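Listed below are the residues making up each chain.
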Amino acid sequence: MQRREVLAGLLVTGGLMSWGLMGKAAHAYDVIITPNDPQLGDAISVMVKARNGASSPPTVIANGKEYPSFPLSDNRFRAFVPTSPLDTPGRIVIQVSGDEETRNLAVGLRNRSFRTQRITLRGSGSLGTDHEFDRVDAFKQLVSPERHWRGTLLRPSQGRVSSEYGVRRYYNGEFAENYYHRGVDYAAGTGTPVVAPAAGYIRLVGRVSDGFELHGNTVGIDHGQGLLSIMIHLSRIDVNEGDFVSAGQQVGAIGSTGASTGPHLHWGLYMNQVAVDPVPWRYNGFE
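Source: prediction; values computed, not measured.

Undergrad: Where do I start with the nonpolar core in this structure?
TA: Nonpolar side chains tend to gather and get buried jointly when the protein is soluble and globular. In this structure, Ile94 and Trp281 are the most contacted members of the largest nonpolar core, which totals 61 residues. Of all the elements, strand β19 (residues 227-237) adds the most residues to this core, at seven residues.

Okay, structure coming up:
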């Protein structure tokens, strides 16, 4: 192959090098990444448009891990790449492949400062049952194909924010490497309403009487396409597994069940099995 043919085959896509024929460039996926300057805890939206009208969802891989993509409208698909305080800041390499020319892109994941707490534990600290952990773990694995959420999410409680997402902890003077506060806490009086932040199916109902001694009375909502809400420490549960709830519908009430020091709601928001920061979903949202 002559030198000019080699150069013609080397394409620069999103700041990274990828190979392909110049004739295929017109059929490469269009990719939009949001936010374009993500920080730890963000869910990164990878929007893919197929130029040739491909109907098969593309494969989206970020730093070697594959994430599901789902169809939108106008030959577009989307996948979410979740991040957390446990990730290492720096470059995330995202590859989009399928029926069209493969795209390789990179986005920089910014560091972020999280508040720390120092906790002194007494006793064994072994609160929780196998039944409870198995049910919660199974719920967090759900990725259903139909999307029920639209735009921004609602605030699930009108209580004051008593603990924000991402708080790190020292236990008995030792830093907990794998711990971060996986949600937002809202403090309010026992019995204060808790509502669904978005529509979805109730896929988890757990009660203290069933062995939910750590989470307390718990409701898990499947909003679709990997987005899940878990609401814990409830005093009362107003829904049943299998129910479909609308955004803003009451699902329970604030309490102090489980491992809790006072009445509050813990709202955890999961995307593709990772607890992400709910705040951007409430104020910015995604299409």
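Undergrad: Is there a simple way to think about unusual backbone geometry in this case?
TA: Glycine aside, a negative phi is what most residues show, and trans is what most peptide bonds show. A cis amide bond links Thr34 to the next residue, Pro35, at an omega of -10°. When you line up the elements, Pro35 lands in the loop between β3 (30-34) and β4 (43-49). The backbone of Asn172 shows a phi angle near 50°, a positive value even though the residue is not glycine. You can see Asn172 is positioned in the loop between β13 (168-171) and β14 (174-175).

Undergrad: Sorry, what's going on with the sheet that holds β13 here?
TA: Strands pair in a sheet through their backbones, by hydrogen bonds, and they do so in one of two ways: parallel or antiparallel. Taken in spatial order, the three strands line up as β11-β13-β14 in an open sheet, and their pairing is mixed. With partners counted over all chains shown, the strands left at the sheet margins are β11 (116-119) and β14, one partner each. The sheet contact formed by β13 and β14 spans two bridges and is antiparallel. Counted as the bridge partner of Tyr170 is Phe175 from β14.

Undergrad: Help me out: how do you make sense of empty space enclosed by the protein in this one?
TA: Picture a little ball the size of a water molecule; that probe, rolled over the atoms, points out where space is still empty. This model, assessed by the stated rule, comprises one cavity of 30 Å³ or more. Approximately 50 Å³ is the volume found for the largest cavity. Lining the largest cavity are Pro68, Phe70, Arg78, Ala79, Phe80, Trp149, Gln225, Met271 and Asn272. The greatest single-element share of the lining of the largest cavity, amounting to three residues, is contributed by strand β8 (residues 76-82).

Undergrad: Would you take a moment to explain the layout of surface pockets for this structure?
TA: Its boundaries defined by the atoms lining it, the largest pocket holds a volume of some 1,100 Å³. Lining the largest pocket we find 33 residues, and of these Arg169, Tyr179, His181, His233 and Ala259 sit closest to its centre. Counting residues per element, the lining of the largest pocket draws most heavily on helix α2 (residues 130-140), which supplies four residues. The residue makeup of the lining of the largest pocket, split by class, is 14 nonpolar, 14 polar and five charged. Roughly 230 Å³ of internal volume is contained in the second largest pocket. Along the wall of the second largest pocket there are 14 residues; nearest its centre are Asn63, Tyr67, Val81, Pro82 and Asp87. If you list the elements that add at least two residues to the lining of the second largest pocket, you get β6 (65-67), β8 and β9 (90-97). The element that contributes the greatest number of residues to the lining of the second largest pocket is β9, accounting for three residues.

Undergrad: Sorry if this is basic, but what is going on with the confidence of the model for the protein here?
TA: Caution applies to low-pLDDT parts of the model: their predicted coordinates are not meant to be read in detail. Confidence in the prediction of the protein, expressed as mean pLDDT, is 89, and 88% of residues score 70 or more. Per-residue pLDDT stays below 50 along residues 1-26; that stretch engages in 39 contacts with residues further than four places along the chain or on separate chains.

Undergrad: Where do I start with the pairing of β3 in this structure?
TA: Of the two faces of β3, only one is covered, namely that formed by Val31 and Ile33; the face formed by Asp30, Ile32 and Thr34 stays uncovered. Bridge count for β3 against β4 is five bridges, and the pairing is antiparallel. Looking at the pairing, Val31 lines up with Val48 of β4.

Undergrad: Quick question: what am I supposed to make of the pattern of salt bridges here?
TA: With the rule as written, the count across this model stands at seven salt bridges. Between Asp30 and Arg51 there is a salt bridge whose closest N-O contact spans 2.6 Å. Placement of Asp30 in strand β3 and of Arg51 in the loop between β4 and β5 (59-62) is noted, with a sequence separation of 21 residues between them. Classification of Asp30 as partly exposed rests on a relative accessible area of 30%. Put simply, Arg236 and Asp238 hold a salt bridge, and the shortest N to O gap is 2.8 Å. The class of Arg236 is partly exposed, set by a relative accessible area of 36%.

Quick notes on the rules
Residues numbered from 1 in each chain as written. Predicted model: local features only at pLDDT ≥ 70, side-chain atom pairs only at ≥ 80, totals over all residues. Heavy atoms only, no water. Core = buried A, V, L, I, M, F, W, Y, C linked by side-chain atoms within 4.5 Å. Buried < 20%, exposed > 50% of the residue type's maximum accessible area, 1.4 Å probe, protein only. Helix = DSSP H or I, 4+ residues; strand = E, 2+ residues; numbered from the N terminus. Pairing = 2+ DSSP bridges. 1 Å grid on protein atoms, 1.4 Å probe; cavity = no way out; pocket = protein on both sides within 12 Å on 5 of 7 lines; lining within 4 Å. Points joined across faces, edges and corners; volume = space filled by probe spheres on them. Nonpolar A, V, L, I, M, F, W, Y, C, P; charged D, E, K, R; others polar. pLDDT = per-residue confidence, 0-100. Contact = heavy atoms within 4.5 Å. Salt bridge = Lys/Arg side-chain N within 4 Å of Asp/Glu carboxyl O.

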